[in-house]
Amino acid sequence: MRSAGDLLAPSGRKTAPYDVERLRQDFPILHQQVHGRPLVYLDNAATSQKPLAVLSAMQSYYSHDNSNIHRGVHELSGRASRSHEEARSKVRRFLNAGEDREILFLRGTTEAINLVASSYGRSRVGAGDEVLITAMEHHSNIVPWQILCEEKGARLKVAPINDRGELLLDEFEKLLSPRTRIVSVVHLSNALGTLNPVREVIRMARARGVPVLLDGAQAAAHLKVDVRELDCDFYAFSGHKLYGPTGIGVLYGKAALLEAMPPFQSGGDMISSVTFEKTLYNRLPFKFEAGTPNIAGAIGLGAALDYVEAVGLDAIAAHEKELLDYATEALSGMRGLRIIGTAREKVGLLSFVIEGVHPHDVGTILDQEGIAIRAGHHCTQPLMERFGVPATARASLGLYNTREEIDALAAGIRKVHEVFG
Amino acid sequence: MGDLRDLYQEVILDHSKKPRNFRRMEAADRTAEGFNPLCGDRVTVFVTLEGGKVKDISFQGSGCAISTASASMMTERLKGKTPEEAEKIFERFHDLVTGKGGAAGAAPELGKLAAFSGVCEFPIRVKCATLVWHALRAALEGLRQPVSTE
């Protein structure tokens, strides 16, 4: 059966020059007025918009194939099961993982990190052991480890960063100790845009036999991720930041590790046989997928990956780099404006503060101009403290953003100065 | 949607840039902290009561123009008021910023706080305007836990 994704191929082609106006036609939501102005959507790090190919794939599933998966003997269940597992194969190819069973469908990055903290962490981390993260982690890559450490009497170690927002690799390496049981690091910072030197991180941890989880919530939408080339042990990302639906995400884990780990949640689907005396767990990946999964979400994610690959991640990355350079240039000269996060390796977003104006007020004034940005602590309160700001304003890019939209952002910031004097 | 000038009236901008009574009060007999976990805004209110009235009131914290101005203007408005009067003013203020005041406009007991009438056109910002008031209520009720907007 053909999926709707095949019928609605994206407008962009790898060989053609990057045609952002044509790509924008694939995203119906972009074509609207907000407060009487054309919508300028610069909140992609919070969630991206969805192309027609994704919307159609999900509608097509619900219109034609909707059924529960795996155990049905009827035709619709067969189709739904095939589509769900095809989506898994698409994720496997997208990450260049070795096997489909290394791809777990979960709700999102948060659930993926919780799974590793709960399943791997609880079985491998004991009193006096250490978990190593960095100072630029999202709360979702801090709190699960804090809970684990509290429960086990283990210690959470935090590798520091410099004033640019770059990880201090020397300090990171010093914090790797014989007691370190796992390293969990953000691939691309959601608050700073810092692209972390994850190859070095993995190499250092690998040399000491410590497994590494990469939080790819931001990175997966902006750059090619090859889990075998990286040699990471776990990689987590969310569908909705990658032009897919909310409520679906992925944990990649090396098969040998996943095999050895106890289940995370329990119930239907994750078992192979149940008696009141003893339960045998299902094989991978189903051992970690208790209950009816988000079938439509997985199919939507598969369509999103098809879309992104058809446009080309390299082309997207080049377009976004050009836009980020343009935005950095446009904003850095503005009165009272300070960019937070000036790492040399930076991707996809611009965090800033304006002297004398709280980011929320910046957000409200930009919203009146039809410009959607994020204002707040971006779920990185310890990082905000590190930079001595309560919050920042953040403009984050997607494949459909344009130079004209950056110009609108700059004009909006001038408006902030008009209001606040 | 309202006009930005309705939200950021001159008196609000003035108080946000130069907040009044912005200080710790070591000898305060009532104090409470307010916190908005969604945006990270934090405010602490200090109150000294004498003869059943607010003798001194001050605040500290970090927040946006709306929350800072609201705190600053609240401290000015409540000096000399009884806790009951303060509660009544909060109720009127809450009606104002949530648009429940109706066509009659701002209640007279609000005084300069009437400048917050524009907030009701920006529902996302209501919590900014009311955070400090929730902290005040907690302080007057003698609650020890920080209050949260959520």
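Parameters at a glance
Residue positions are given per chain, counting from 1 as you read along its sequence in written order. Chains carry letters from A onward and ligands carry numbers from 1 onward, assigned in written order. With the structure being a predicted model, the display of local features is reserved for residues of pLDDT at least 70 and the display and counting of side-chain atom pairs for 80 or more, all residues being used for whole-chain, interface and lining totals. In this text, helices come from DSSP runs of H or I with a minimum length of four residues, and strands from runs of E with a minimum of two, each type numbered from the N-terminal end. Here the C-beta atoms are placed from the backbone, and a residue counts as buried if at least 20 other C-beta atoms lie within 10 Å of its own, exposed if 12 or fewer do, and partly exposed otherwise. Residues are scored as being in contact if the C-beta atoms we place from backbone atoms lie within 7 Å. For two strands to be treated as a pair, DSSP must find no fewer than two bridges joining them. Note on terminology: a nonpolar core is a set of buried residues of type Ala, Val, Leu, Ile, Met, Phe, Trp, Tyr or Cys, with members joined through C-beta atoms within 7 Å. What fixes the domain bounds is an automatic or database domain assignment. The arc in question is the one traced by the directions running from the helix axis out to the C-beta atoms.

A. Quick look at the overall build of chain B. A count of helices and strands for chain B gives five helices and four strands. Secondary structure of chain B in N-to-C order comes out as α-α-β-β-β-α-α-α-β. Across the 150 residues in chain B, those meeting the buried criterion constitute 45%. Pairs at least 24 residues apart make up 62% of the contacts formed inside chain B by residues separated by at least 6 positions.

B. Geometry of the interface of chain A and chain B. Contact residues are listed per partner, giving 15 residues for chain A and 14 residues for chain B. Elements with a contribution of two residues or more to the side of chain A that touches chain B: α13 (359-368) and α15 (403-420) of chain A. Residue contributions to the side of chain A that touches chain B peak at five residues, all from α13 of chain A.

C. Focus on the sheet that holds strand β3 (residues 53-62) of chain B. Residue and element names in this part refer to chain B. With mixed pairing, the four strands of this open sheet are ordered in space as β3-β2-β1-β4. Unpaired on one side and paired on the other, β3 and β4 (147-148) mark the two borders of the sheet. When strand β1 (residues 30-36) meets strand β2 (residues 41-50), the two strands line up antiparallel, connected through seven bridges. Bridging across to β2, R30 finds its partner in V47.

D. Molecular detail of the pairing of strand β14 (residues 349-354) of chain A. All names here are of chain A. Within β14, six of the six residues are buried, leaving the element largely enclosed by the surrounding structure. On β14, burial covers both faces: L349, S351 and V353 on one face and L350, F352 and I354 on the other are all buried. Here strand β13 (residues 337-340) runs beside β14; their pairing, made up of four bridges, is antiparallel. Directly across from I340, in β14, lies its bridge partner S351. Sheet topology places β14 next to strand β17 (residues 392-396); four bridges connect them, and they run antiparallel. From the neighbouring strand, S351 faces β17, where its bridge partner is R394.

E. Structural view of the nonpolar core. Y235 and V250 of chain A together with V45, V132 and A135 of chain B are the most contacted members of the largest nonpolar core, which totals 164 residues. Here this core takes 11 residues from helix α11 (residues 295-311) of chain A, the largest share from any one element. The two domains that each donate at least three residues to this core are domain 1 (4-50 + 312-420) and domain 2 (59-309) of chain A. With residues up to four places along the chain from it excluded, the contact list for V250 of chain A reads V91, I103, L104, F105, L106, A112, A236 and F237 of chain A.

F. Region of interest: the domain arrangement of chain A. Residue and element names in this part refer to chain A. Domain boundaries in chain A define domain 1 (4-50 + 312-420) and domain 2 (59-309). Look at where the C-alpha atoms of domain 1 and domain 2 centre, and you get two points 27 Å apart. Listed per partner, the contact involves 30 residues of domain 1 and 33 residues of domain 2. Examining the composition of the side of domain 1 that touches domain 2, we find that five residues originate from one element, helix α12 (residues 313-332), more than from any other.

G. Seen up close, the environment of R24 of chain A. Residue and element names in this part refer to chain A. With respect to the secondary-structure elements, R24 resides in helix α2 (residues 20-24). When the C-alpha atoms of R24 and Y400 are compared, they prove to be 5.5 Å apart, with 376 residues separating the residues in sequence. Setting aside residues up to four positions removed in sequence, R24 forms contacts with L30 and Y400.

H. Spotlight on helix α6 (residues 143-152) of chain A. All names here are of chain A. Among the residues of α6, those classed as buried are P144, W145 and L148. Looking down the long axis of α6, one finds its buried residues gathered within 95 degrees of arc, a one-sided arrangement. Check the buried side of α6 and you find it contacts α5 (109-124), β5 (130-134), β6 (155-159) and β7 (180-186). A positive phi of about 70 degrees marks G153, the residue just after α6.

I. Focus on the pairing of strand β11 (residues 271-274) of chain A. Residue and element names in this part refer to chain A. Bridging between β11 and strand β12 (residues 279-281) involves three bridges; their strand directions are antiparallel. Note that in β12 the partner of I271 across the bridge is Y281. Hairpin remark: β11 followed by β12, antiparallel, with four residues in the connecting loop.

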